[in-house]
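# Breakdown of the fold
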Amino acid sequence: MSYETITVEQRDAVTLITLNRPKALNALNSKVLEELTEAFAAYQADSSQLCAVLTGSGDKAFAAGADIKEMSEKAAADFYLEDFFSPWTSEIVKKTRKPWIAAVNGFALGGGCELAMMADFIIASENAKFGQPEIKLGVAPGMGGSQRLTKAIGKSKAMEMCLTGRMMGAEEAERSNLVARVVPHDELLDDAMKTAAQIAAMPPMAAIANKEMVNAAFETSLDQGLVIERRIFQILTASEDKKEGMAAFVEKREGKWKGR
Ligand code: DAK
């Protein structure tokens, strides 16, 4: 499938999706979100693909937010009637059960920061800058920023960032648990692709299950989360990959996964 605003490449079992509007710092417009929706659905549906990486083209930005030029022309009724960006507010995240990583190579602002935070985890280049500057435009986060940023870095820092619009650099983002790791700018894509390949080499059903469990921690009480964890563990013990994984360990060899 060919796209206008993103590129999609399969490298073995890893799908690399690149936001491709570098002149607009990869700002997210309706077309980008429509194409991302298709690309993530295709990734989810393709059983040969076991992990994905989302990054931005060019050296400066992952995504500098929703496209302000597009939004400036819309009335409140348009946002409401089009249910602007609604798939990305939660639907796509829920439908993509397989793992994906955001490789943040520069500005991740507004909707760009929100998109990165929807990933299972973020690997950031040392040039990455995160922020929710919507207040400066007279609005506020609309794609989960007020919620996911607060859950990731806590109320005080999230509130400060939303109220002042200040950007957080990569080092502070790592210290604040917003990102899993910071790597040299030139090594970002390589590092993210290697990490994705490492995940893709794991038993695929167990990868989905691990993701589901960790995500449950955001939605449930500890007691409910522990039950979900136990139940998923118990289901996995019935899988062919569990049998193979444990046999491979005992026989000191690599496992061969069936994904079931
Ligand atoms: N939209 C459109 N174009 C953008 C853009 C953006 N967000 N950010 C940058 N650009 C464009 C610039 O206009 C410029 O284009 P030309 O003038 O060359 O045509 C080009 O990218 C290069 O940008 P600059 O010349 O400004 O580059 P600098 O290095 O000087 O500055 C910057 C980089 C990232 C600091 C600056 O560009 C900037 O402040 N950008 C805006 C950042 C921002 O405010 N982001 C938040 C946008 S609001 C919703 C869900 C979500 C949202 C809304 C609704 N619903 C569910 C309803 C999300 C809202 C947002 O994200």
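The residue numbering used here restarts from 1 in each chain and proceeds along that chain's sequence as written. The predicted nature of this model means local features are confined to residues of pLDDT at least 70 and side-chain atom pairs, given and counted, to a pLDDT of 80 or more, with totals for whole chains, interfaces and linings taken over all residues. Think of the side-chain values as coming from all heavy atoms in the structure, minus any hydrogens and water.

## Some details on the site of the ligand
Stated formally: Throughout, near means a residue has at least one heavy atom within 4 Å of the molecule or strand. As used in this structure description, the phrase polar contact means that two N or O atoms lie within 3.5 Å; if the pair is within protein, one of them must be able to donate a hydrogen and the other to accept it, and residues adjacent in sequence are counted only when both atoms belong to side chains. Method for areas: the Shrake-Rupley scheme with a 1.4 Å probe, in which residue coverage is limited to the protein chains shown. Put simply, DSSP marks the helices as runs of H or I at least four residues long and the strands as runs of E at least two long, and each gets a number from the N terminus on. Gly counts as polar in this scheme, as do all residues outside two lists: the nonpolar Ala, Val, Leu, Ile, Met, Phe, Trp, Tyr, Cys and Pro, and the charged Asp, Glu, Lys and Arg.
The environment of the ligand is formed by 26 residues, the closest being Lys60, Ala64, Ala66, Ile68 and Gly111. In the environment of the ligand, a nitrogen atom lies 2.9 Å from a nitrogen or oxygen atom belonging to the backbone of alanine 64. Calculation on the ligand without its partners gives an accessible area of 1,100 Å², and the protein chains cover 65% of this total. Of all elements in the fold, only α2 (68-72), β6 (107-109) and α5 (111-118) reach the threshold of two or more residues within the shell around the ligand. Considering each element in turn, the shell around the ligand owes the most residues, 3 residues, to α2. Split by residue class, the shell around the ligand holds 15 nonpolar, 5 polar and 6 charged.

## A short note on the sheet that holds strand β4 (residues 61-63)
Cut-off, in case you're wondering: By this definition, two strands are paired if DSSP reports at least two bridges between them.
If you trace the 4 strands from one edge of the open sheet to the other, you get β4-β6-β8-β9, paired in mixed fashion. Only two strands of the sheet have a single neighbouring strand rather than two, namely β4 and β9 (168-169). Strand direction decides the pairing type here: β4 and β6, joined by 2 bridges, are parallel. Following the sheet pairing, alanine 63 is matched in β6 by alanine 108.

## Some words on the packing of aromatic side chains
Going by this rule: Side-chain rings of Phe, Tyr and Trp (the six-membered ring for Trp) are treated as a pair once their centres are within 6.5 Å; stacked means planes under 30 degrees apart, edge-to-face means over 60, and tilted covers the remaining angles. Think of it in three bands: with a 1.4 Å probe and only protein chains considered, a residue is buried below 20% of the maximum accessible area for its type, exposed above 50%, and partly exposed in between.
Applying the stated criterion across every chain yields a total of 4 aromatic pairs. A centroid spacing of 4.9 Å and a plane angle of 85° characterise the contact between phenylalanine 79 and phenylalanine 84, whose relative ring orientation is edge-to-face. Judged by its relative accessible area of 27%, phenylalanine 79 is partly exposed. For phenylalanine 84, a relative accessible area of 14% puts it in the buried group.

## Side note on the sheet that holds strand β7 (residues 121-125)
The condition that has to hold: Lines fitted to the C-alpha atoms define the axes, with helices restricted to the stretch that makes contact. Angles between their N-to-C directions range from 0 to 180 degrees. Whether two residues touch is decided by their heavy atoms; if any such pair falls within 4.5 Å, the residues are in contact.
Judged by pairing direction, the sheet is mixed, and its 6 strands sit side by side in the order β1-β2-β3-β5-β7-β10 without closing on themselves. The sheet terminates laterally at β1 (6-11) and β10 (181-183), the two strands that pair on one side only. For this sheet, the mean angle separating the axes of adjacent strands, direction not counted, is 20°. Relative to β7, strand β5 (residues 100-104) is paired through 4 bridges, and the arrangement is parallel. Across the sheet, alanine 103 pairs through a bridge with isoleucine 123, a residue of β7. Taken strand by strand, α5 contacts β2 (14-19), β3 (51-56), β5 and β7, and its axis lies near 145° from that of β5.

## Things to note about helix α9 (residues 188-200)
An α-helix turns once every 3.6 residues. As a result, residues three or four positions apart point the same way. Going by this rule: Given the number of residues in a helix, its expected span is that number minus one, multiplied by 1.5 Å.
Taking 1.5 Å per residue as the helical rise, α9 with its 13 residues ought to reach 18 Å, and the 18 Å between its terminal C-alpha atoms agrees with that figure. The complete set of buried residues in α9 reads Leu188, Asp191, Ala192, Met193, Thr195, Ala196, Ile199 and Ala200. On its buried face, α9 is in contact with β1, β2, β3, β5, β7 and β10.

## Some details on the environment of glutamine 224
When you line up the elements, glutamine 224 lands in helix α11 (residues 222-237). Among the residues examined, glutamine 224 registers a relative accessible area of 48% and is labelled partly exposed. With 123 residues separating them in the primary sequence, glutamine 224 and isoleucine 101 have C-alpha atoms 27 Å apart. A distance of 3.1 Å separates a polar side-chain atom of glutamine 224 from the backbone nitrogen of serine 221.

## Side note on helix α10 (residues 204-219)
Taking 1.5 Å as the rise per residue, α10 with 16 residues should run 22 Å; its terminal C-alpha atoms sit 23 Å apart, in good agreement. The elements touched by buried residues of α10 are β5 and α11.

## Digging into unusual backbone geometry
The phi torsion at leucine 25 lies on the positive side, around 50°, for a residue other than glycine. Residue position: leucine 25 is located in the loop between β2 and α1 (30-45). Here asparagine 26, not a glycine, exhibits a phi torsion of approximately 60°, which is positive.

## Observations regarding the environment of leucine 149
Tracing the sequence through the fold places leucine 149 in helix α6 (residues 145-153). Separated by 11 residues in the primary sequence, leucine 149 and glycine 138 have C-alpha atoms spaced 19 Å apart.

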